[in-house]
Amino acid sequence: MARIVPMASSIKPSLTSLKFSPTARFALPRSSPTLCRNKVASLHLSSVAKISEAASEGTIGVFIDRRNTLHLLLLNWLAVIPQLHPFGLKTSKLFKEDISSRSVIVAGNTNTTQASTATTQENVLEWVKQDKRRMLHVVYRVGDLDRTIKFYTECLGMKLLRKRDIPEERYTNAFLGYGPEDSHFVIELTYNYGVDKYDIGSGFGHFGIAVEDVAKTVDLVKAKGGKVTREPGPVKGGKTVIAFIEDPDGYKFELLERGPTPEPLCQVMLRVGDLDRAIEFYEKAYGMELLRKRDNPEYKYTIAMLGYGPEDKNAVMELTYNYGVTEYDKGNAYAQIAIGTDDVYKTAEAVKLSGGKVTREPGPLPGINTKITACLDPDGWKTVFVDNIDFIKELE
């Protein structure tokens, strides 16, 4: 069965990056330059692995048959001929053998193009499943950084992990959580100089925190002047004891009563307009697993839990669909989730193939050289993917 080598759409029609073995043979039709347009060259290579990405979409296509024969579709042969000289090849040598003695594919074969595209998608999306991904932190904006840090440390038991001020950009970050950033999901708070209030909007839901005693935590929150919006008690239709509180900026936290867990900061809940579409996207583009899905017709909503491991040991995304609501106001307070990846370039490609929008093309950040890419899911929620190795170096 034929194999298709993916075509690179961003590379100009040049063959200078291809490395041919000494045994490579070329075959082109003995015809006038005019007739050479839209013809095919067959290259017999001893090592297919040496083929590099030098294919321009619509100009040069690459096809390998079961005999490991590489075929180059030259849609504009006259434009390519001059570029063969870097290999030390004489143009006259290209016409030593008649095209009829070689395996030929018809230039512009639609089936070949479609197969190439399908294979590219399959390879990238399969890679996503094997990528080493982990939710790193959630980013949002607050109006008084010191006040929020005090609330999280005194009421919710978090630790201030680090703080950095960027005066030239007029903002300060604080990282808080229940363990080191290299192994735990944490919060990244952002304070922008002079901005003391933000609009949380209707799309953001809440953060989830697992505690051993919900009632005790609620009493502490009340004692510190925090706001309790739902008193401790079993969740509707279940047995888990929960409560809801708000921090000084109005962000909601769901307290879930659980035993000891390695990841107390356990949920980020966002509302979506099409749950099935969102689940498919998070599975394909983000490589998350659908952990569970629960419909609540009595209260007219459905939730889906997705993540990179079981809920009792990992932070997860809780996506909520409210019957009949397809759009939400996202405000300007909540920012994004950051996820670690082994390859931001492949990640960006997977996002595009899955219907997401890449808002920052993959590459290193100025100054610190950490490679990232940023994207939006179908509902417009932002996620930033960070290179795993660069992230660890940045922490050091």
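None of these values were measured; they are calculated from a predicted model. Per-chain numbering applies: the sequence of each chain, read as written, is numbered from 1 onward. Only residues with pLDDT of 70 or above have their local features reported here, since the model is predicted, and side-chain atom pairs are shown and tallied only from 80 upward, although totals for entire chains, interfaces and linings are computed over all residues. The side-chain quantities take in all heavy atoms of the structure and omit both hydrogens and water.

This part covers the overall build of the protein chain. In DSSP terms, a helix is any run of H or I states spanning at least four residues, a strand is any run of E spanning at least two, and both are numbered starting from the N terminus. A tally of helices and strands in the protein chain yields eight helices and 21 strands. Across the 396 residues in the protein chain, those meeting the buried criterion constitute 46%. Within the protein chain, counting contacts between residues at least 6 apart in sequence, those at least 24 apart form 64% of the total. Carbon and sulfur atoms provide 51% of the accessible area of the protein chain, an area that totals close to 19700 Å². Under the scheme applied here, a residue whose accessible area is under 20% of the maximum for its type counts as buried, over 50% as exposed, and between as partly exposed, the area being computed with a 1.4 Å probe on protein chains only. We call two residues contacting when some pair of their heavy atoms lies within 4.5 Å. Surface accessibility follows the Shrake-Rupley procedure with a 1.4 Å probe radius. Residue values consider only the protein chains on display as shielding.

What follows concerns helix α6 (residues 275-284). Along α6, the residues that are buried comprise L275, A278, I279, F281 and Y282. What you see down the axis of α6 is that its buried residues fit within an arc of 165°, all on one side. Where α6 is buried, its residues contact β15 (289-296), β16 (301-307), β17 (316-322), α7 (344-353) and β20 (371-376). The term polar contact refers here to a pair of N or O atoms within 3.5 Å; inside protein, the definition further demands a hydrogen-donor-capable atom paired with an acceptor-capable atom, and it admits residues adjacent in sequence only when both atoms are side-chain atoms. Capping the start of α6, D274 holds a side-chain oxygen 3.3 Å from the backbone nitrogen of D276, two or three residues further along. To obtain the arc, one takes the directions from the helix axis to the C-beta atoms.

Attention now goes to the sheet that holds strand β6 (residues 134-141). The strand order across the open sheet built from eight strands is β7-β8-β9-β6-β18-β21-β20-β19, with neighbouring strands paired in mixed fashion. Two strands bound the open sheet, and with one partner strand each, they are β7 (159-166) and β19 (357-364). Averaged over all neighbouring strand pairs, the angle between strand axes comes to 20°, with direction disregarded. Strand pairing is assigned whenever DSSP identifies at least 2 bridges connecting the two strands. Relative to strand β9 (residues 186-192), β6 runs parallel, the two being bridged by five bridges. Counterpart to V139 in the pairing with β9 is E188. With axes taken as lines fitted to C-alpha atoms, and helix axes fitted only over the stretch in contact, angles between N-to-C directions fall between 0 and 180 degrees.

Attention shifts here to the pairing of β9. With five of seven residues buried, β9 lies mostly within the body of the structure. Where strand β8 (residues 171-177) and β9 come together, six bridges link them in antiparallel fashion. Bridging from a neighbouring strand, L176 pairs with I187 of β9.

Glancing now at the pattern of salt bridges. In the sections that follow, a salt bridge refers to a side-chain nitrogen of Lys or Arg positioned within 4 Å of a carboxyl oxygen of Asp or Glu. Using the criterion set out here, one finds 17 salt bridges in the structure. Across the pair E154 and K224 runs a salt bridge, and its minimum N-O distance is 3.4 Å. You can see E154 sitting in helix α4 (residues 145-155) and its partner K224 sitting in the loop between α5 (214-223) and β11 (227-234), a full 70 residues away along the chain. The class for K224 is partly exposed, based on a relative accessible area of 46%.

Looking now at the side chain of R133. For R133, the location among the structural elements is in the loop between α3 (110-130) and β6. Among the polar contacts made by the side chain of R133, one reaches the main-chain carbonyl oxygen of A285 at a distance of 2.9 Å. From its side chain, R133 meets the backbone oxygen of Y286 in a polar contact 3.0 Å long.

Next up on the list: the side chain of T373. Relative to the assigned elements, T373 resides in strand β20. For T373, a relative accessible area of 2% translates into the label buried. In contact with T373, other than residues within four places in its own chain, are V344, T347, A348, V358, R360, E361, P362, T383, V384 and F385.

Glancing now at the environment of E361. Mapping E361 onto the fold places it in strand β19. Judged by relative accessible area, which is 45%, E361 ranks as partly exposed. Spatially, the C-alpha atom of E361 lies 9.0 Å from that of V344, the residues being 17 residues apart in sequence. Residues in contact with E361, not counting those within four places in the same chain, are K352, I372 and T373.

Turning to the nonpolar core, a few remarks are in order. Working definition of a nonpolar core: buried Ala, Val, Leu, Ile, Met, Phe, Trp, Tyr and Cys residues. They are joined through side-chain atoms within 4.5 Å. Counting 57 residues, the largest nonpolar core has Y140, Y152, L156 and F253 as the members making the most contacts within it. Excluding residues within four positions of it along the chain, F253 makes contact with Y140, Y152, L156, M158, I187, H206, F207, I209, A243, F244, I245 and D247. In terms of nonpolar packing, the next biggest core, distinct from the first, is built from seven residues, L136, I372, A374 and F391 among them.

Looking now at the confidence of the model for the protein chain. pLDDT is defined as a per-residue confidence score from the predictor, taking values between 0 and 100. For the protein chain, per-residue confidence averages 78 on the pLDDT scale, and residues scoring 70 or more make up 70% of the total. Under a pLDDT of 50 for its full length, residues 1-108 has, in the predicted model, 179 contacts with residues more than four places off or in other chains.

Running from amino to carboxyl end, α4 crosses α5 at an angle of 145°, the nearest separation of the two axes being 10 Å. Considering how the two elements wind past one another, α4 and α5 form a crossing that is right-handed. Judged by residue contacts, F151, E154 and C155 of α4 engage T217, L220 and V221 from α5. Under the convention adopted here, Pro, Cys and the residues Ala, Val, Leu, Ile, Met, Phe, Trp and Tyr are nonpolar, Asp, Glu, Lys and Arg are charged, and Gly plus all remaining residues are polar. Of the residues in the contact of α4 with α5, the class split is four nonpolar, one polar and one charged. Each crossing gets its hand from how the near helix is turned against the far one by less than a right angle, where anticlockwise is left-handed and clockwise is right-handed.

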